[in-house]
Amino acid sequence: MKSLYLRIYLTLVVILLAFAFGSAWLFQRHIEQERGNFEASANDRLTAMAELIHGAIPAASAPREEQAEALQEWGQRLHVAIALLDRQGERVAASEEFLDREVFPGPPTIRVPLEDGRSLLLMRGGFRFGPGARMGPGLGGGGGMGPERPFFKRNEGPPAPWGLPFLGPRPNGQVLLVLLVLLFFGVAVGAYPVVRRLTRRLEGLKSGVEQFGAGQLAHRVDESGKDEVAALASSFNRAATQIESLLRAQQSLLANASHELRSPLARLKMAFAMLDNAGPEQRARLQTEIHTNITELDALVEEVLLASRLDAAARGAEPMAQTPLQVDLMGLAAEEAARTGAEFQPAPGLSELLVHGDERLLRRALRNLLENGKRYGGQEVLLELARGDAGSAELRVNDRGPGVPEAMRERIFEAFFRLPGHAEQAGGVGLGLSLVRQIAQRHHGQVRCEARPGGGSVFVFSLPAATSASN
């Protein structure tokens, strides 16, 4: 059996069935026990009643008519179904109650032997103890027994099968069985749609997972509801969105990288084809071209690998160290400015500015910003280091280039995006600024592009400072 809803449903039905049979067995056992207790109590009362009546009727030597008259009188006064048998077992007399009850099939009767050889037959179910009833002198002395104070009250209606009317009618076993069967089927029928609805949602989730696994990355499952199944569906949709985003990013990176690799490879192919027939001067130019293209390929591969590692780290596959080292931005900025020939200008009175992070990545981000300024902003590049708002550290790379249109100041940080015409003028693969943003985000910082007064652009790279600037 493979269907989950059938397993759940059959389990519920079996538990319900076991509960029904167990309850019926316990109820029947309790009824039997109560019946035995009442039977014993009724027999004791009837035996005591017979002994009292024996003392009130004439002796066995008295005429049969006198015995019959006394028995009928006491049977009428006490409303007891009673009969008297002689020593031979023949009936001497019987009360009207006894005669009336004889018409019912199998009335419960007990026989009480008397000391003189006679016997009394008492039929159960023909009397009950009434509220306020008490014994009169005929059964214990102390005054008369009038009809206004009967010791026993007559039971109206047919006798109870258990023998005493105050016990009520005996429950019918067939009726009890029918009620249990109806209860069982009612709960079983009511439980089926509930179980089926739950498992149908699980089947929908299973189908959605299979469609997603088959390549339909945009497929999402229904997450309506407030139960665990809805929470599972919501978790799946979030995971599917992250996976889709990751795969799309990897596909875009691979496609763009492949496109960027074709240009230097084509130039290399052409240079090598011309190398054999080239003269000394042309050979030198071709060798320089080959070296430039190889350097461009190396830089592209390095940036693609770094972008992949940073993207994996951002998604938790390659987390940062738990205790990152402190990096002095003052020394790092001075070194990179000297390497690229940019002017470095720290804030007045600033001797050091510490941040937590990876020095190699921070150096790569600053280098990309400075080289981007040199490539697109001319030779006049100014690097500023200052303390920003809320205790942050800010590196500002200023250039005097054509600037970035306001509508593209966010897009330039996308992978492989380049402003129109810039690739043909200055080269580059469009990954430098994307890496800067990824490095900033990995260090809980940010990078943005602003317009520089007087023309040009300002790239602001801000990070949380480890300590305040000191003099």
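Cut-off values and rules
- Residues numbered from 1 in each chain as written.
- Predicted model: local features only at pLDDT ≥ 70, side-chain atom pairs only at ≥ 80, totals over all residues.
- Heavy atoms only, no water.
- Helix = DSSP H or I, 4+ residues; strand = E, 2+ residues; numbered from the N terminus.
- Contact = heavy atoms within 4.5 Å.
- Areas by Shrake-Rupley, 256 points an atom, 1.4 Å probe, with all protein chains shown as cover.
- Phe/Tyr/Trp six-rings, centres within 6.5 Å; stacked < 30°, edge-to-face > 60°.
- Lys NZ or Arg CZ within 6 Å of the ring centre and 35° of its normal.
- Axes fitted to C-alpha atoms, helices over the stretch in contact; angles between N-to-C directions.
- Left-handed = near helix turned anticlockwise from the far one by under 90°.
- Nonpolar A, V, L, I, M, F, W, Y, C, P; charged D, E, K, R; others polar.

Quick notes on the overall build of the protein chain
Here is step 1 of the chain: When helices and strands are counted, the protein chain shows 10 helices and 13 strands.
Here is step 2 of the chain: Restricting the contact set of the protein chain to residue pairs at least 6 apart, pairs at least 24 apart contribute 64%.
Here is step 3 of the chain: When the accessible surface of the protein chain is split by element, carbon and sulfur atoms take 56% of a total near 27000 Å².

What to know about the packing of aromatic side chains
Here is step 1 of the chain: Scanning all chains against the criterion turns up 2 aromatic pairs.
Here is step 2 of the chain: Between F212 and F236, the ring centres sit 5.8 Å apart and the planes meet at 80°, which makes this aromatic pair edge-to-face. Within this pair, whereas F212 is found in helix α4 (residues 173-213), its partner F236 is found in helix α5 (residues 228-275), the two being separated by 24 residues in sequence.
Here is step 3 of the chain: Ring geometry for F413 versus F459: centroids 6.3 Å apart, planes at 80°, classification edge-to-face. Placement of the pair is F413 in the loop between β11 (392-398) and α9 (422-426) and F459 in strand β13 (residues 457-464), with a sequence separation of 46 residues.
Here is step 4 of the chain: Lying across the ring of W74, R77 places its NZ or CZ 4.5 Å from the centre.

Considerations on the packing of helix α7 (residues 329-340) against helix α8 (residues 359-377)
Here is step 1 of the chain: Interaxial distance between α7 and α8 falls to 10 Å at its minimum, and their mutual angle equals 35°. Of the two elements, α7 crosses α8, and the hand of that crossing is right-handed. On the side of α7, the interface is formed by L332, A333, E335, E336, A337, R339 and T340, while α8 contributes E359, L362, R363, L366, R367, L370, E371 and K374.
Here is step 2 of the chain: When the residues that make up the contact of α7 with α8 are grouped by side-chain class, the tally is 6 nonpolar, 1 polar and 8 charged.

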